[in-house]
Amino acid sequence: MCPPRYARMTVNAVPATQALLTKSSIPLGLVLHPLAQPEHEGEHIPVVNFGSCGIVRCRRCRTYVNPFAPFIEGGKRWRCNICDLANEVPPEYYCQLDPATGLRTDVASRPELARGVVEFVAPSEYMVRPPQPAVYFFVIDVTYNAIATGMLSAAIEGIKQTLSKLPGGSRTQVGIITFDKTIHFYSLKSTQSRPQMLVVPDIENVFVPLPDDLLVNLRESRHLIDDLLEKIPNMFARTQQVESAFGPTLKAAFNVIRHIGGKMIIFQSAVPKAGVGAIVDRDDPKLLNTDKEAVLLNPSDPAGTYYKDFALDCSRQQISIDLFLFPSTSFMDVATLGTLPQITGGELFYYPNFNPKSQDNERFVRDLVHDLTRETGFEAVMRVRCGRGLKVLAHHGNFFIRSTDLLVLPNVDADKSFTIQLGLSESISGVRYTSIQSALLYTTSNGERRIRVFTSCLPVTSTLGDMFKHADCLAIASLTGKMAIDKGLSSKLSDAREAMVNKTVEILAVYRESFGSNSAGSQLVLPESLRLLPLYVLAMIKNVLFRSGTDTKPDERAFHMYRFKTLPVEECIAFVYPNLYALNNMPPNIGQRGEDGRIVFPPAISLSSEKLQRSGIFVLDTAFGIFVYIARDTAPNTIQQLFGVSAQELAGSTGPVAIFDGGDDEYARGAYALISGLQTDRWHKYLPVYAIIEGTPLDAVFFSYFVEDRSRNVYSYYEFLCQLQRSVSAKVK
Amino acid sequence: RVLCLAHCYLYIPSLSSVHFHHLIIHIAMSLLTLLARLSDSQMLAESMDNAAGKSQDIDFYRNQAKQIFKTLSIKSPSRLSIDSGPYYFAYLIENDVCYLTLCERTYPKKLAFTFLEELQKEFDTSYGSEVASARRPYAFIQFDTFIQKTKKAYQDSRAQRNLSKVSDDLADVHRIMSTNIQDILGRGEKLSSVARKSEDLLAKSKSYEKAALSLNSMMFLKKYGPFIVVGLIVMFLLYLRFAYW
């Protein structure tokens, strides 16, 4: 079986007929997280080199040989578990079968026949060009806005910190472009003594002034790049330029790196107004909480079409775009700009109200370092092959689809997941098992071409009971959320919320009809495996993604929608139903490593404000940020030791804050250990820490996550369950 | 002033990009360099010129290069130049590694072979001992940085200096054979193009058949469709009448 961290089904059994699938109402899908970090230090994916024999694949459907494809006829042929074709075994690959088990005798020494996840070394037929080097091209806004928000100095600082850590060894290439109303190129030829700046003022006909030396080898030109980074902040410190020629600059950057591809990392502060791709200010607060709100969440035209076409061009040249946005005014049209990372397999980062004096700076720098140094695959493509009975219906995530089922990923990294909606292509009542195989062909940052293959074998069932027994509540909730985002964007947010609730009612009604007929009419019968589904659906309805009301700005919502589509299952759930930890009465080893090497976390408590107490620290982990809630009667020394400042100073901060190791206060030490443990062990990245003192205005954000409470216009958990029970009863009658 | 040297503005409001290219003096150069293991044609390293990467034909010549590798063996001449269209391939074999580069016709052969010799010396020193055990394609792809650097050195005005240096080292360049790509690849190429053409034909005739069939059925529907529908309605009405009788 493939470990679920890489490939996770919403139901670990496949319905035999369409009728069964429709009746159960459970969404069928697969969540792929191809470059997920291994859980333990020692765990790694085995790498197989087939050498001269070549990778063994099915002749008809091109499935890779895997543990679930049986070898027949004494080992001379193997039967593809996707299309049932009996394939010849190449002579170099032949091995006898063990008469007792029917398996090849060399299974133990062949990981591709024993493990659900395996990686193959790709021979040259899998490359259209030699493996590309790691390329990082920085595009930096240097308008007045960029200086005033502190973006420019933070970006330069971030790049400086990353330079030594960039993967790719001696082949890594780097380049920089800055822009305001004009575009500034920098020649970094290693034989020069200084970097040279070339300004191109014509943004109507953009061209590249030099054929070479704008993208250079990092090691050879390091001294020039360092020099340039020192100079850039001073060069533009007193700029009065406010117009941003973002669209034309994209074209210029594209022309510099199109021959090789790689990552384009853009830092943007001013709203693009000059040249092609100008953003129209279409923000209209009157649209909030109406049916038309979804318009602001979708890309606008004509800028939207320009960016979409541009992103497609980038995808063809294996360029991915990471976009860091630092809006100073309210509206930046994230929905339109977000198509750039979405189509090219990049990532969108959004820092509204960026305050460089707060920990925002640290947070951004850490995000940048993480973005550039996490495990990354270049020039990648991915394909899912379904066995008997299954077919792919839709995909969610950041990619471009070519020829219906090939995901083009100029860049894929450790944080990206892809959710595939599945359906039934035919009835498979006579079949006992079916398989799904996903394959990612990519180039590592060290220039090795690899194919990572995930194969799962699933039992086929004809009973409703089995489907419920094998249902994976978290995966179902995350898929439901992603499908609801699509619904919200194509019609309206209220439809999305309704759709999620209706889906829950359908599932519960079916369950009740089939298994709950003995219970009293007033009881809500929940399947054991899905008992938390209503809770997660309620959490999603109240989450920034879907919540009604006029408080949520469209830019923020659009950002979270783009982000949510790429999250793996645990992060989806942590974002809608965060983990809350009460640090009162913690055992002393919280935050330390236990015997198995993993950090010990306290049990999470439910998100109901009844659970809060008068004194003490509560830590809320959303996988996007960590909120530390300090109850009113908490000892001042604890606050001082943990945050380095007094409670009054903390109350004035709006951005993230720094934490310290707790010194002499046991409580603070525990809190620090817990928070660091969450960052290093659970999410493998830095999360900003926000301090919330009880009674200050900021605690509204904290309490917005308390989904079990009654909020302004949506039910409490208990009320929601009652409402569900009424709907289910009405449906069952 | 922070950037003291050449804070230069390219003031070109009226010039289009075409004009700009005319400002560059065209220097003949090497466009593509590949290293492969002689014994099994396994690719070891490769480097492509930026400008070459933007042209369409470069893939065609890359394929030719790979085919050339396949024809090489221990018995092949250790140095050879192969003309192909407006370019030529120059290769050098040493220690089971073949160093191949594609150059424009006007690029001096002396320089091409000195360039290859320099690559060979560096590669042999850095990676020579690992060549036999390399198990994946492009195992030494990181060598492309050195290839690029060396290629640039052979491209600018110092090429003149190199030439005079070279005439001492490589006095026997005249003895390096020169041949044509057709002689090397000859029949093999023709066969593969014929195979490709017949596959194309097969595919096209299949799709023609499909199109013809669908056109036929569309015509049929167009002609008879309304009649069939009317006929069905009439029959249905008649049936109702008789059923109620």
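Values in this document were obtained by computation on a predicted structure and should not be read as measured data. (Residues numbered from 1 in each chain as written. Chains lettered and ligands numbered in written order. Predicted model: local features only at pLDDT ≥ 70, side-chain atom pairs only at ≥ 80, totals over all residues. Heavy atoms only, no water.)

**Examining the overall build of chain A**
Right, so step 1: Tallying secondary structure elements over chain A gives 21 helices and 27 strands in all.
Right, so step 2: For 733 residues, the compact-globule estimate of 2.2 N^0.38 gives 27 Å, and chain A sits close to it at 27 Å.
Right, so step 3: Classification of the 733 residues of chain A by burial places 61% in the buried group.
Right, so step 4: Sequence-distant contacts, at least 24 apart, represent 75% of the contacts inside chain A between residues at least 6 apart.
Right, so step 5: As displayed, chain A offers around 27800 Å² of accessible surface, 49% of which is attributable to carbon and sulfur atoms.
Right, so step 6: Chain A carries 74 positive and 75 negative side-chain charges, and their two centres are separated by 5 Å. (Helix = DSSP H or I, 4+ residues; strand = E, 2+ residues; numbered from the N terminus. Rg over C-alpha atoms; globule rule 2.2 N^0.38 Å. Buried < 20%, exposed > 50% of the residue type's maximum accessible area, 1.4 Å probe, protein only. Contact = heavy atoms within 4.5 Å. Areas by Shrake-Rupley, 256 points an atom, 1.4 Å probe, with all protein chains shown as cover. Lys, Arg positive; Asp, Glu negative; His and termini not counted. Charge placed at Lys NZ, Arg CZ, Asp CG, Glu CD.)

**Quick look at the overall build of chain B**
Right, so step 1: In terms of regular secondary structure, chain B is built from seven helices and seven strands.
Right, so step 2: Residue pairs at least 24 apart in sequence account for 64% of intrachain contacts in chain B once pairs closer than 6 positions are excluded.
Right, so step 3: Taken as a whole, chain B presents about 15700 Å² of accessible surface, with 60% of it coming from carbon and sulfur.

**Notes on the packing of helix α15 (residues 554-564) of chain A against helix α16 (residues 569-576) of chain A**
Residue and element names in this part refer to chain A.
Right, so step 1: One way to put it is that α15 packs onto α16 with a least axis distance of 11 Å and a crossing angle of 150°. Looking at the two axes, α15 sits roughly antiparallel to α16. Where α15 approaches α16, its residues H560, R563 and F564 are matched on the opposing element by E571, C572, F575 and V576. (Axes fitted to C-alpha atoms, helices over the stretch in contact; angles between N-to-C directions. Parallel < 35°, antiparallel > 145°, perpendicular 65-115°, else oblique.)

**Things to note about the sheet that holds strand β26 (residues 626-630) of chain A**
Residue and element names in this part refer to chain A.
Right, so step 1: Pairing is mixed in the open sheet, where four strands are placed in the order β24-β25-β26-β27. At either margin of the open sheet sits one strand with a lone partner, and together these are β24 (579-582) and β27 (689-693). With strand direction ignored, the average angle separating the axes of adjacent strands in the sheet is 20°.
Right, so step 2: Where β26 and β27 come together, five bridges link them in parallel fashion. Residue pairing for β27: F627 is matched across the bridge by Y690.
Right, so step 3: In the packing of helix α17 (residues 636-643) onto the sheet, contacts are made with β25 (617-621), β26 and β27, and the angle to β26 comes to roughly 155°. (Pairing = 2+ DSSP bridges.)

**Structural notes on helix α5 (residues 144-153) of chain B**
Right, so step 1: Inspection of α5(B) places B:D144, B:T145, B:I147, B:T150 and B:K151 among the buried residues, and these make up the whole buried set.
Right, so step 2: The secondary structure elements touched by the buried residues of α5(B) are β13 (215-217) of chain A together with β2 (30-37), β3 (43-48) and α4 (109-127) of chain B.

**Digging into unusual backbone geometry**
The general pattern is negative phi for most residues beyond glycine and trans for most peptide bonds.
Right, so step 1: The linkage connecting A:D301 with the following residue, A:P302, adopts the cis geometry, with an omega of 0°.
Right, so step 2: Tracing the backbone through its elements, the reader meets A:P302 in the loop between α6 (293-297) and α7 (303-316).
Right, so step 3: One non-glycine residue, A:D84, adopts positive backbone phi at about 70°.
Right, so step 4: Locating A:D84 in the fold gives a position in the loop between β6 (77-79) and β7 (86-88).
Right, so step 5: Residue B:N95 is not a glycine yet carries a positive backbone phi of 55°.
Right, so step 6: Within the secondary structure layout, B:N95 lies in the loop between β5 (87-94) and β6 (97-104).
Right, so step 7: In this structure B:N95 comes out as partly exposed when scored by relative accessible area, which is 49%.

**A look at the environment of A:V619**
Right, so step 1: Checked against the element boundaries, A:V619 lands in strand β25.
Right, so step 2: Once you skip the residues sitting within four places of it in the chain, A:V619 turns out to touch A:N579, A:L580, A:Y581, A:L583, A:I626, A:F627, A:L674, A:I675 and A:L678.

**What to know about the pattern of salt bridges**
Right, so step 1: Counted under the stated rule, the structure contains 46 salt bridges over all chains.
Right, so step 2: When the shortest N-O distance is used, the salt bridge between A:D405 and A:R383 registers 3.1 Å. With A:D405 in the loop between β19 (400-402) and β20 (406-413) and A:R383 in strand β17 (residues 376-386), this residue pair connects regions lying 22 residues apart in the sequence.
Right, so step 3: Take A:D405: its relative accessible area is 25%, and that puts it in the partly exposed class.
Right, so step 4: When its relative accessible area of 26% is taken as the criterion, A:R383 is described as partly exposed.
Right, so step 5: For the salt bridge of B:R62 with B:E46, the shortest nitrogen-to-oxygen distance reads 2.7 Å. Taken together, the residues B:R62 in helix α3 (residues 58-71) and B:E46 in strand β3 connect sequence positions 16 residues apart.
Right, so step 6: With a relative accessible area of 7%, B:R62 lands in the buried category.
Right, so step 7: The exposure class of B:E46 is buried, given its relative accessible area of 2%. (Salt bridge = Lys/Arg side-chain N within 4 Å of Asp/Glu carboxyl O.)

**Structural notes on the state of the cysteines**
Right, so step 1: In this structure the tally under the stated criterion is zero disulfides over all chains.
Right, so step 2: In this model B:C98 remains outside any disulfide bridge; the closest cysteine sulfur is found in B:C103, 13 Å from its own. (Disulfide = S-S within 2.5 Å.)

**A short note on a nonpolar patch on the surface**
All names here are of chain B.
Right, so step 1: There is a patch of nonpolar side chains on the surface, built from F220, L221, Y224, F227, I228, L232 and M235 and spanning about 800 Å² of accessible area.
Right, so step 2: Take M235: it is sitting in helix α7 (residues 181-244).
Right, so step 3: Since its relative accessible area comes to 56%, M235 is described here as exposed. (Patch = residues over 30% accessible without salt bridge, like charges linked within 9 Å, V, L, I, M, F, W, Y side chains within 5 Å.)

**Some remarks on helix α3 (residues 151-163) of chain A**
Residues and elements named next belong to chain A.
Right, so step 1: Spanning 13 residues, α3 covers 18 Å between terminal C-alpha atoms, matching the ideal 18 Å at 1.5 Å per step.
Right, so step 2: For α3, the set of buried residues is M151, L152, A154, A155, I156, G158, I159, T162 and L163.
Right, so step 3: Buried positions along α3 lie against β9 (135-141), α2 (144-148), α4 (222-236), β14 (262-268) and α10 (360-373). (Expected span 1.5 Å × (residues − 1).)

**Observations regarding the packing of α3(A) against α10(A)**
Residues and elements named next belong to chain A.
Right, so step 1: Relative orientation of the contacting elements α3 and α10 amounts to 40°, with a least axis distance of 9 Å. What the angle tells us is that α3 and α10 run oblique. For the pair α3 and α10, the sense of crossing is right-handed. Across from A154, A155, E157, G158, I159, Q161 and T162 in α3, the residues of α10 making contact are N361, F364, V365, L368, V369, L372 and T373.
Right, so step 2: Its residues placed into classes, the contact of α3 with α10 shows eight nonpolar, five polar and one charged. (Left-handed = near helix turned anticlockwise from the far one by under 90°. Nonpolar A, V, L, I, M, F, W, Y, C, P; charged D, E, K, R; others polar.)

**Examining the confidence of the model for chain B**
Residue and element names in this part refer to chain B.
Right, so step 1: Confidence in the prediction for chain B averages 78 pLDDT; 74% of positions are at 70 or higher.
Right, so step 2: Confidence, read as mean pLDDT per element, is least for helix α1 (residues 17-22) in chain B (36) and greatest for β6 (93).
Right, so step 3: Across residues 1-24 the pLDDT falls below 50, and counting only partners more than four positions away or on other chains, this stretch makes 30 contacts in the model.
Right, so step 4: With a pTM of 0.87, the predicted complex shows an ipTM of 0.82. (pLDDT = per-residue confidence, 0-100.)

**Brief notes about the pairing of β3(B)**
Residues and elements named next belong to chain B.
Right, so step 1: Of all six residues in β3, five are buried; the element is thus mostly enclosed.
Right, so step 2: Sheet topology note: the β2/β3 ladder contains five bridges and is antiparallel. Residue pairing across strands places L34 opposite E46, the latter belonging to β3.
Right, so step 3: Taking the residues between adjacent antiparallel strands as the criterion, β2 and β3 are bridged by five residues, where S41 takes a positive phi near 60°.

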